[in-house]
Protein chains: 2
Amino acid sequence: MSETQKFVKVIAMIPQDLIGKKRDGEKLSTQEINEFIEGVRTGVWADYQTSALLMACYINGMNSEEQNALTEAMLRSGETLDFSAIEKPKADKHSTGGVGDKTSLIIAPLVAACGAAVPMISGRGLGHTGGTLDKLESIEGYNVNLSTAEFKNVIKQCGFAMTGQTAEIAPADKKIYALRDATATVPFIPFIVASIMSKKLAENLDVLVLDVKTGSGAFMKKREDAVRLAEALVKTGNSFGVKTEAVISDMNQPLGRYVGNALEVYECIKILRGEIDNAIEAETAELSIELAARMLYLTGIIGGDIDTARKLVSEKLSDGSALEKFHQNIELQGGDARVCDYPEALLEANICKSEIKVAAAGYVSEIDTGAIGEAIGIIGGGRIKAEDAIDPAVGYVCEAKIGDKLVAGETLGVLYSRNETQARLIGEKLRNAYKIGEEKTPRTKLVKEIIK
Amino acid sequence: MSETQKFVKVIAMIPQDLIGKKRDGEKLSTQEINEFIEGVRTGVWADYQTSALLMACYINGMNSEEQNALTEAMLRSGETLDFSAIEKPKADKHSTGGVGDKTSLIIAPLVAACGAAVPMISGRGLGHTGGTLDKLESIEGYNVNLSTAEFKNVIKQCGFAMTGQTAEIAPADKKIYALRDATATVPFIPFIVASIMSKKLAENLDVLVLDVKTGSGAFMKKREDAVRLAEALVKTGNSFGVKTEAVISDMNQPLGRYVGNALEVYECIKILRGEIDNAIEAETAELSIELAARMLYLTGIIGGDIDTARKLVSEKLSDGSALEKFHQNIELQGGDARVCDYPEALLEANICKSEIKVAAAGYVSEIDTGAIGEAIGIIGGGRIKAEDAIDPAVGYVCEAKIGDKLVAGETLGVLYSRNETQARLIGEKLRNAYKIGEEKTPRTKLVKEIIK
């Protein structure tokens, strides 16, 4: 070994020094965070070194300066999209994830119908939560792997496009996310902010509205944690020049009526068609309208206040403009747009339906929403590991919600599974997800708070 | 994927749960620690999961119950030696590592000469510290990779043997140590205790004496940290039924006169031959006698007190018995035992000697011993990475010690390097390792404290 090589080795000991600093509770400089992320991107940092630093950050904390540096370093680890050819203001929505959380499929065409552009880069489901890409793939032929050129072209033609994250966007986040998932370092605000915002900032947006979920089916179980996360996200977005707001929304029960990939697309198309059957389905429309209105209002392309925006958005939903946009988009992304005319095509005939019934009479007082997501995941509706395949047809129909009064033997929901074995496997888990109380329980408020 | 596979995956999520517990500051049960170590051994735990848990343990701490469980789990991850065929009591010494720390080569033959058996399993140098195995390999032909059968046979014939850790002893420690080294989780007492003691307990010893170094060339820079470590080691050894004591010894300067692999063997053989040239070389003999006497005393094979043991040990050193044992051992382990008769054979003729001189007159008040170890490591005397090759001939001869009064231009030490380039590369670093003061500095006390 030459002397130069020896010295290079000495210099390459930097990961340990950096890990040691954070281990001892010191602050990392922007330069050090840049070195870390560059090391992750290039592979100079081994995975076990990265995970050790992640754990040290998790336990000892990161301040807002470190959080911003991490976000920017992760953003700079990859490419950003150039939308200079699209003149409309660009707005996007991001949800922190939940069960039955399907608003993207309504919001994107709806905001596009109102005149803004929506360059929506989405993810896949993991753990108990679903993912927009998996849902979209329930539509035959729908392509969620657009090239950057295709992505821009679809937006140009119909005002919005929905695709997966390319390898070029925030590649360091991809590596770090996989490690966080395997090392119990997911629920830490600076990591969540950096992960979400590095990808969203790469979209070069004008407006971003965040749907921060709280409750038994959310990552942030407690409302105060959701508020802290929302505040951090909003602050970060605005500091990078993107007009950002967050909606704190309820995830103490699945959103709307359906859980499961094809079932959720079915619900969305029904809503886009104005076919809202009951109050449970109306929830999905309510949250979608609120989020879309905030996006539209922040773009500044309409006059008036947020109520004006809500009114316009509601009109574009009920007059079929949003459905038309979705129809156009499905065709542009290679899918079979006939589902817009006949959403029942999404429902597979060969499915086993089993009613989940309540044992004793009472009020639905609590729902373990995470357990419902997990149960559907186990039978193929979600992923336990990233490489798991999805069965789009399985899922769950929520018939009872918090505050509902039930008689003994009444239906809580209907499980859509492949066979009796699956039904037996998770039936008990679904039933146990409901807590029935004797006293009247108030209904939950869907939109809890707006963070500006 | 079958339903069973899905469930297996759910069960395999245990690493995250366990990591999450320690991340949140909870105590791990013995069962959980066993699962962790078994997961490391079998590879079920990925390296990045192991390192995340190591960091969480480091920051949030482990109590003595967890420390004992970790030690035992690591011990049980491999085989233990069966010495039932050797009737003598078995005693070993372990040092926490330092610069010029060469006492093993004197102690092993010395204690054997006094009638106990010494089954010494040693390590290689890493970082600024040297390793017994590297030193022994300076002796032509000396085999430090004995099979278990060969190891026992050599002990049976000459009372001691020195070899490397086989893959069968505490394999989990090997994996964990490599990760700790790469992730800044080395200096944590429960890990150090588990690493040292799992290997030493595998030797099935009756007696263990620990040489816990403290000072600028030790892992434990502060004396109180060294004492804490010593207490933890002694407590653990005794709780596993091994009579254990620790000596807190000085590492604020290199031990004795020589630093470097062949040079240290040279110093040891000179001492075994009774050829102690000056007070600097006498230090090595002093510490070796103290450690050997404690080992012998604890075995109980001689009557009287520790002074009786010191007297016997000193006699066996000066009467040539220990040298004879070493001669016999070198032959049994395949080495060229003529170095015992002519230790100068260890010194390579083709070496570049450069005197490191003091600029201004004064007292040597401090020595950055770690920097000296690192400097010699850089030119091939040690390892920066575990796979680095060793150059046995390079090293450093200490001519001045703390408390010495020097005139301007007087020699601090002599660097043995391969060429002028090497000498230029580290000469400055060596000179800067010395702090020269105007006031008289007291000499350091070699043996600082005994922990029982």
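### Points about the overall build of chain A
(1) Moving on: Looking only at helices and strands, chain A features 17 helices and 13 strands.
(2) Moving on: For chain A, the C-alpha radius of gyration of 23 Å lies close to 22 Å, the compact-globule estimate for 452 residues.
(3) Moving on: A total of 452 residues make up chain A; the buried ones form 60% of that total.
(4) Moving on: Of all intrachain contacts in chain A linking residues separated by at least 6 positions in sequence, the fraction that spans at least 24 positions is 78%.
(5) Moving on: Carbon and sulfur atoms provide 49% of the accessible area of chain A, an area that totals close to 17300 Å².
(6) Moving on: Of the side chains in chain A, 53 bear a positive and 64 a negative charge, and the two mean positions are spaced by 2 Å.

### Topic: helix α6 (residues 104–113) of chain A
(1) Moving on: The element α6 of chain A is extensively covered by neighbouring structure, given that 10 of its 10 residues are classed as buried.
(2) Moving on: Of all the positions in α6 of chain A, only Ser-104, Leu-105, Ile-106, Ile-107, Ala-108, Pro-109, Leu-110, Val-111, Ala-112 and Ala-113 of chain A are classed as buried.

### A look at the sheet that holds strand β1 (residues 91–95) of chain B
All names here are of chain B.
(1) Moving on: Pairing within the open sheet is mixed, and its 4 strands lie in the order β1-β4-β5-β13. At either end of the open sheet lies a strand with only one pairing partner, and these are β1 and β13 (447–451). Put simply, the sheet's adjacent strands are angled 20° from each other on average, direction ignored.
(2) Moving on: Both strand β4 (residues 207–214) and strand β5 (residues 243–250) contribute to a ladder of 8 bridges, which runs parallel. From the neighbouring strand, Thr-214 faces β5, where its bridge partner is Asp-250.
(3) Moving on: Of the strands in this sheet, β4, β5 and β13 are in contact with helix α11 (residues 223–239), which crosses β5 at around 165°.
(4) Moving on: In this fold helix α13 (residues 279–299) packs onto β1, β4, β5 and β13, with an angle of close to 150° to the strand it touches most, β4.

### Some words on the pairing of strand β11 (residues 411–417) of chain B
Residue and element names in this part refer to chain B.
(1) Moving on: Among the 7 residues of β11, 7 are classified as buried, and the element is accordingly described as predominantly covered.
(2) Moving on: Where strand β7 (residues 352–357) and β11 come together, 6 bridges link them in antiparallel fashion. Paired with Cys-352 across the bridge in β11 is Ser-417.
(3) Moving on: Relative to β11, strand β9 (residues 395–398) runs antiparallel, the two sharing 4 bridges. Note that in β11 the partner of Val-397 across the bridge is Val-414.

### Focus: the relation of the copies chain A and chain B
(1) Moving on: Laying chain A over chain B is done by rotating through 180° and shifting 0.0 Å along the axis; what remains is an RMSD of 0.0 Å. What the rotation and shift describe, once combined, is the action of a two-fold rotation axis. By C-alpha distance to the rotation axis, the residue of chain A lying nearest is Tyr-48 of chain A, at 1.9 Å.
(2) Moving on: Most of the interface of chain A is mirrored in chain B: 100% of its interface residues are interface residues there too.

### Topic: the interface of chain A and chain B
(1) Moving on: In this assembly, 38 residues from chain A lie in contact with 38 residues from chain B.
(2) Moving on: In total, chain A and chain B occlude about 3200 Å² of area from one another, counting both sides; carbon and sulfur atoms represent 68% of this.
(3) Moving on: At the junction of chain A with chain B, the criterion picks out 11 residue pairs in polar contact (both at pLDDT 80 or more).
(4) Moving on: Elements represented by at least two residues in the side of chain A that touches chain B include exactly α1 (3–11), α2 (14–23), α4 (47–60), α9 (171–182), α16 (369–381) and α17 (420–432) of chain A.
(5) Moving on: Of the residues forming the side of chain A that touches chain B, the biggest block, 10 residues, is contributed by α4 of chain A.

### Quick look at unusual backbone geometry
Residues and elements named next belong to chain B.
(1) Moving on: Backbone geometry places Ala-170, a non-glycine residue, at a positive phi of 40°.
(2) Moving on: If you trace the backbone, Ala-170 turns up in the loop between β3 (160–164) and α9 (171–182).
(3) Moving on: At Asn-204, a position not held by glycine, the phi torsion is positive, near 50°.

### What about the packing of aromatic side chains?
(1) Moving on: All chains considered together, the criterion is met by 10 aromatic pairs over all chains.
(2) Moving on: Where Tyr-58 of chain B meets Phe-188 of chain B, the ring centres are 5.3 Å apart and the plane angle is 35°; that geometry is what we call tilted. Placement of Tyr-58 of chain B in helix α4 (residues 47–60) and of Phe-188 of chain B in the loop between α9 and α10 (189–201) is noted, with a sequence separation of 130 residues between them.
(3) Moving on: Overall, Tyr-58 of chain B belongs to the buried group, its relative accessible area being 15%.
(4) Moving on: Ring centres 6.3 Å apart and planes at 50° place the aromatic pair Phe-83 of chain B and Phe-151 of chain B in the tilted group. Of this pair, Phe-83 of chain B sits in the loop between α5 (64–76) and β1 while Phe-151 of chain B sits in helix α8 (residues 148–158), and the two are 68 residues apart along the sequence.
(5) Moving on: Cluster of aromatic residues (ring-pair linked, three or more members): Tyr-58, Phe-188 and Phe-191 of chain A.

### Some words on the environment of Gly-78 of chain A
Residues and elements named next belong to chain A.
(1) Moving on: Assignment of secondary structure puts Gly-78 in the loop between α5 (64–76) and β1 (91–95).
(2) Moving on: Measuring from C-alpha to C-alpha, the distance between Gly-78 and Gly-395 comes to 36 Å, with 317 residues separating the pair along the chain.
(3) Moving on: Beyond its immediate chain neighbours, meaning those up to four positions away, Gly-78 contacts Glu-168, Ala-170 and Pro-171.

### Digging into the sheet that holds β11 of chain B
Residue and element names in this part refer to chain B.
(1) Moving on: As summarised here, the arrangement of the 4 strands in space is β6-β9-β11-β7, forming an open sheet in which the pairing is antiparallel. Bordering the open sheet on either side are β6 (258–259) and β7, each of which pairs with just one other strand.
(2) Moving on: Where β6 and β9 come together, 2 bridges link them in antiparallel fashion. The partner of Val-259 across the bridge, within β9, is Tyr-396.
(3) Moving on: Those strands touched by helix α16 (residues 369–381) are β6, β9 and β11, and its axis lies near 25° from that of β11.

### Here we look at the domain arrangement of chain A
All names here are of chain A.
(1) Moving on: Domain parsing of chain A yields domain 1 (3–61), domain 2 (91–344) and domain 3 (349–437).
(2) Moving on: Centre-to-centre separation of domain 2 and domain 3, based on C-alpha positions: 24 Å.
(3) Moving on: Contacts between the two partners involve 25 residues from domain 2, matched on the other side by 26 residues from domain 3.
(4) Moving on: Roughly 1900 Å² is buried in total at the junction of domain 2 and domain 3, and carbon and sulfur atoms are behind 57% of that figure.
(5) Moving on: The interface formed by domain 2 and domain 3 contains 3 salt bridges.
(6) Moving on: The closest approach of N and O atoms between Asp-134 and Arg-383, which form a salt bridge, is 2.6 Å.
(7) Moving on: At the level of secondary structure, the elements contributing two or more residues to the side of domain 2 that touches domain 3 comprise β6 (258–259), α12 (261–272) and α13 (279–299).
(8) Moving on: Of the residues forming the side of domain 2 that touches domain 3, the biggest block, 3 residues, is contributed by α12.
(9) Moving on: By residue class, the composition of the side of domain 2 that touches domain 3 is 10 nonpolar, 11 polar and 4 charged.

Procedures and definitions
Residues numbered from 1 in each chain as written. Chains lettered and ligands numbered in written order. Predicted model: local features only at pLDDT ≥ 70, side-chain atom pairs only at ≥ 80, totals over all residues. Heavy atoms only, no water. Helix = DSSP H or I, 4+ residues; strand = E, 2+ residues; numbered from the N terminus. Rg over C-alpha atoms; globule rule 2.2 N^0.38 Å. Buried < 20%, exposed > 50% of the residue type's maximum accessible area, 1.4 Å probe, protein only. Contact = heavy atoms within 4.5 Å. Areas by Shrake-Rupley, 256 points an atom, 1.4 Å probe, with all protein chains shown as cover. Lys, Arg positive; Asp, Glu negative; His and termini not counted. Charge placed at Lys NZ, Arg CZ, Asp CG, Glu CD. Pairing = 2+ DSSP bridges. Axes fitted to C-alpha atoms, helices over the stretch in contact; angles between N-to-C directions. Least-squares fit on C-alpha atoms with pLDDT ≥ 70 in both. Buried area = accessible area lost by both parts, 1.4 Å probe. Polar contact = N/O pair within 3.5 Å; in protein donor to acceptor, adjacent residues only side chain to side chain. Phe/Tyr/Trp six-rings, centres within 6.5 Å; stacked < 30°, edge-to-face > 60°. Domains from an automatic or database assignment. Salt bridge = Lys/Arg side-chain N within 4 Å of Asp/Glu carboxyl O. Nonpolar A, V, L, I, M, F, W, Y, C, P; charged D, E, K, R; others polar.

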